[in-house]
Amino acid sequence: MYQWRKFQFFEEKASGSSVAEELKENVECCSSGRGRMVVGSGDGMVHVLDRGLKINFSFQAHTTSVHFIQQLKQRNMLVTVGEDEATSPQLSAMSLKFFDMDKMEPEGSSTTGPTCIQIVRIFTSQFPEAKITSFLVFEEAPPILMLSIGLETGHIYCIRGDVARERIVRTKLQVDASPVTGLGFRADGSALQLFVVTTTSVSLFDMHNQPPRMHVLDQIGCEGNCVTMSDNQELVIGRTEAIYFYEVDGRGPCWAFEGVKQLLGWFRGYLLSVIADQRTNRSIFNIYDLKNRLIAYSLPVEEVSHMLCEWGNIILLTSDHKVLCIGEKDMEGKLDMLYKKNLYTIAINLVQSQQADAAATAEVLRKYGDHLYGKQDYDEAMAQYIRTIGQLEPSYVIQKFLDAQRIYNLTSYLEKLHEKGLASKDHTTLLLNCYTKLKDVAKLDEFIKGEGEHRFDVETAVKVCRAAGYHEHAMYVAKKAGKHEWYLKILLEDLGSYDEALEYISSLESFQAAVTVKEYGKILVEHKPDETIAILMKLCSGDDESVSNDSSVNLLPGKCPSPIDFVNVFIDQPLYLMTFLEKYISKVKNSAVHVEIHNTLLELYLSDDLSSSSLSKSNVQGVETSGQRSNRNVMSLSNIGNKGKGVMENGQARMGTDERTGRLNKGLALLKSAWPSHEDHPSYDVDLAVVLCEMHQFKQGRLFLYEKMKLYKEVISCYMQDSDHEGLIACCKRLGDSSRGGDPSLWEDVLKYFGELGEDCSKEVKEVLVYIERDDLLPPIIVLQILAKNPCLTLSVVKDYVARKLEQESKLVEEDRKSIDKYQEETAAMRKEVQELRTNARIFQLSKCTGCTFTLDLPAVHFMCMHSFHQRCLGDNEKECPVCAPQNKTLLEMKRSLEQNAKDHDRFFQLVRNSNDGFSVIANYFGRGVMNKTKDGNSSSSRSNTSPFNGY
């Protein structure tokens, strides 16, 4: 392997012989872990060294010597194999001792150091004594340990269990007759396997089987100290010709490193080896990076007795009592070393094998790319830059290859960006521009029409392809991505394919079709109005069949788009808007937007000119409140009028009179059909309709609306403004009849109108006086005062009316006089009767009971009303005459009602206001004595309750 490159990726941290001098004795064994190094000597002492390789403390582990020692990793426990003084010939001097490093013996005791928690005899009668050649402890789930002891006889003694509590199981394994030179544990899940190396073989035991089953992996072994385990749990064996790796199924790869292998180790993925150089009679310590096939460090050393790894360093103990500490350089130092030699390939392999983060790897790749770019090897440089995607800013690479001569390299880089989904809109734009500049339609097709989801910004791709004239590609991308707006934009604005656009819209779902029509409907209506209206009808009615005037559809709210949403597409085509809305209301009944549709149609019907863009902004912008809608329509309709005037001033032809008349008739029909007689509210905005009719001088519509709104005075005001006397009187005959819910006061307004007219209207006045006299609406004096204002009217007009009223008044006066005389006579008789009851005695001469008609006997009860009864016939009611009681009760109820009415002021004033003759109401109250009630209501009430007809 002399062809492998050598580097100094490691450096010597410290060296010296101070530790060896303090130990003084030969080092028999050593171990490391948990931040310490433990050394066992030939005199039975164990020395614990700290990070500075200074002895922290020492203690006597065995009385004679320590042969093997191991510091556990999971527990702070030290395991030693040593020899003590034999207490009897039958017991072996060799034993296992377990020291708890967390528990120290108290001061003043016979021994110092950690507490020995257990001593286990290795050899027993079942396990004969032999020379121990290898020792290994495997930590299972604490406190379970697995100890393997290799013997010179080829046997292996295994001790497994909780050693501290002496809950152990011993097992003896037989390999062959050769000494055991190395052991290695391999944990595969819950299964535990044991590699065993002798001088003549390599074997594997499955420890989960009882008894463990042996598999021979190789018939060649090795000498001691040349066995180790890799990070991947592979067994590593060093022989003179090579170093071999073994797995559970046999021999694996081998590396032909020449020389006698003295020691083997493993450190952070590196293979450590001390090889005897026979040419110089010295040893060489090599650190091999097997992944990158290089020697990471090489150092000539004296004979090495022990090799450890702790504190991130490699520690070598030489036979001349020296200690070498070798540490790994940081990654930056390694890379700088490689950069100086332009060994970028090795640097890349190094960072990848060291599992460095993606940013560090990308930085090495970038430097390699820059190196190749400087050598003008653009293809290979781009290959390196591509590997940095995701870490290196793309603009760093792109700006290097913007030259037209390197457009191919730039294209490949941009393609990789899109493949990994890291491309931005600008990257997509640049890549598509590269394709179009290269005229590479095949690549463009592959990029645009490739399988799977798009790995680029769709909108950017559409814009670039459209700008470059690749409309087909732009349409493909838009259609595949569902960007219907872009697809139609290309069809309509670039290609002018209106039929294809309409067909595409028809194939979309209702929601998407509605969105696209809102966006591009204006263009479609301009070029294909009938087809566009058909699509709109299909969307808004939810019916695919052609529209007929006889069909009707009842839609659920929100099921289909609203026609109002599409008013803006007809902004320059009001005639087609009118056609569309007419078809819709004839097709769809009881729609939620009929109010807005009727408003818009009414505006169209009443507009003076539909050849110009005269739609109101309120309809285009959608549904608003009633007040807002009215105000906005007033403004928009005023604009319509101004535009119409402008058309006339510019000499443009107005629509014919017949067409205008037809639309007005449609408007009136709409007003009537949308406000049936049985409905309280119409299917349009009444305020807006009134404003429209006023603005466009549409008298028929205005009269209809006023009449439906019961604004009868406004109705007759319209006739008055037009001086239509015949229509005025006819209207009053229809609206002034109170029996039909009319307002009779209209005749008063008409009379005032004629009285202030200032011209001869005798015929009309006579007709009006007939209805005023019939309903007794005004006193004659008021009528005369009103008509006296018109100088053109003569007395002959009211002569007959006045004569009839005087005669009628005379008859009423005569009737009132007769009633007065009658009431005075009745009052005088009643007063006389009251006086007699108060002053004269009454003689009761009835001989029969009024109740039972039998002869009256005692006890009897006589009433002032001259009725007499047996007391037994009256029962409990002895204070009131049973015969006169109903009449008296009626009179008392009338009196009580009058008293309550006297307190109900609201009812009194309401009667006065609602009555045609308020004076009669007041006179009636006076006549019943309600107005004469005194403030002392209680006393008067008590007096009134006393009746002369009560019994005694």
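Please read these numbers as outputs of a predicted model, since none were measured by experiment.

The number of helices and strands found in the chain is 33 helices and 33 strands. Considering the chain as a whole, with its 952 residues, one finds that 45% of them fall into the buried category. The long-range share in the chain, meaning contacts at least 24 apart out of those at least 6 apart in sequence, stands at 48%. For the chain, the accessible area works out to roughly 50600 Å², and carbon and sulfur atoms hold 48% of it.

This brings us to the sheet that holds strand 23 (residues 260-267). Sheet architecture is open: five strands sit in the order 1-26-25-24-23, paired in mixed fashion. Two strands lie at the open edges of the sheet, namely strand 1 (5-6) and strand 23, each paired on one side alone. Pairing analysis gives seven bridges linking strand 25 (residues 282-289) to strand 26 (residues 294-301), with the strands arranged antiparallel. Opposite Ile284, over in strand 26, you have Pro300 as the bridge partner.

Closest axis-to-axis distance for the helix 12 (residues 484-495)/helix 14 (residues 510-527) pair is 10 Å, and the angle between their directions is 20°. Classified by the interaxial angle, the pair formed by helix 12 and helix 14 is roughly parallel. Relative to helix 14, the crossing made by helix 12 is right-handed. Of the residues in helix 14, those touching helix 12 at His484, Glu485, Trp486, Leu488, Lys489, Leu492 and Glu493 are Gln512, Val515, Thr516, Tyr520 and Leu524. For the contact of helix 12 with helix 14, the residue count by class is six nonpolar, three polar and three charged.

The strands making up a sheet associate through backbone hydrogen bonding, with each pair oriented either parallel or antiparallel. Read from one edge of the open sheet, four strands run 11-12-13-14, paired in antiparallel fashion. Looking along the sheet, the strands with just one partner apiece sit at the ends: strand 11 (132-139) and strand 14 (167-174). The mean inter-strand angle of the sheet, taken between neighbouring strand axes irrespective of direction, is 15°. As judged from the eight bridges shared by strand 13 (residues 155-162) and strand 14, these two strands associate in the antiparallel manner. By the bridge assignment, Cys158 is partnered in strand 14 with Thr171.

Quick look at unusual backbone geometry now. Across the junction of Pro142 and Pro143, the peptide omega takes the value 5°, indicating a cis bond. As for its position among the elements, Pro143 is in the loop between strand 11 and strand 12 (144-151). Geometrically, the link from Gln210 to Pro211 is a cis peptide bond, its omega value of -5° lying close to zero. Position of Pro211 relative to the elements: it lies in the loop between strand 17 (202-206) and strand 18 (213-218). Not every positive phi belongs to a glycine, and Glu166 is a case in point at roughly 60°. You can see Glu166 is positioned in the loop between strand 13 and strand 14. Residue classification places Glu166 among the exposed residues on the basis of a relative accessible area of 55%. Of note, the phi angle at Asn342 is positive, near 55°, even though the residue is not glycine. Relative to the helices and strands, Asn342 is located in the loop between helix 2 (331-340) and helix 3 (344-353).

Most of strand 15 (residues 180-188) is tucked away, with seven of its nine residues classed as buried. Pairing of strand 15 with strand 16 (residues 191-198) involves eight bridges; the strand directions are antiparallel. By the bridge assignment, Gly184 is partnered in strand 16 with Phe195. Count of turn residues in the strand 15/strand 16 antiparallel hairpin: two residues, of which Gly189 carries a positive phi of about 70°.

The next thing to look at is the packing of helix 13 (residues 498-507) against helix 14. Orientation of helix 13 relative to helix 14, taken along the N-to-C sense of each, is 155°, at an axis distance of 11 Å. It follows from the interaxial angle that helix 13 and helix 14 lie roughly antiparallel. Considering the relative orientation of helix 13 and helix 14, their crossing is left-handed. Residues Tyr498, Ala501, Leu502 and Ile505 of helix 13 form the contact with helix 14, whose own contacting residues are Ala513, Thr516, Val517, Ile523, Leu524 and His527.

With four bridges connecting them, strand 21 (residues 243-247) and strand 22 (residues 250-255) associate as antiparallel partners. Pairing of Tyr244 across the sheet is with Cys254, part of strand 22. A loop of two residues connects strand 21 with strand 22, the two strands running antiparallel in sequence.

Across the chain, the average pLDDT comes to 81, with 87% of residues at or above 70. Note on residues 934-952: pLDDT is under 50 here. Beyond four places in sequence and across chains, it has 18 contacts.

Before going further, it helps to spend a moment on the nonpolar core. In this structure, Phe10, Phe285, Ile314 and Leu751 are the most contacted members of the largest nonpolar core, which totals 162 residues. Discounting chain neighbours no more than four positions away, the residues touching Ile314 are Phe10, Phe267, Leu272, Phe285, Ile287, Met307, Leu308, Cys309, Leu324, Cys325 and Ile326. Counting residues in each nonpolar core, the second largest holds 26 residues, with Val197, Cys222, Ile237 and Phe257 among its members.

How each quantity is defined
Residues numbered from 1 in each chain as written. Predicted model: local features only at pLDDT ≥ 70, side-chain atom pairs only at ≥ 80, totals over all residues. Heavy atoms only, no water. Helix = DSSP H or I, 4+ residues; strand = E, 2+ residues; numbered from the N terminus. Buried < 20%, exposed > 50% of the residue type's maximum accessible area, 1.4 Å probe, protein only. Contact = heavy atoms within 4.5 Å. Areas by Shrake-Rupley, 256 points an atom, 1.4 Å probe, with all protein chains shown as cover. Pairing = 2+ DSSP bridges. Axes fitted to C-alpha atoms, helices over the stretch in contact; angles between N-to-C directions. Parallel < 35°, antiparallel > 145°, perpendicular 65-115°, else oblique. Left-handed = near helix turned anticlockwise from the far one by under 90°. Nonpolar A, V, L, I, M, F, W, Y, C, P; charged D, E, K, R; others polar. pLDDT = per-residue confidence, 0-100. Core = buried A, V, L, I, M, F, W, Y, C linked by side-chain atoms within 4.5 Å.

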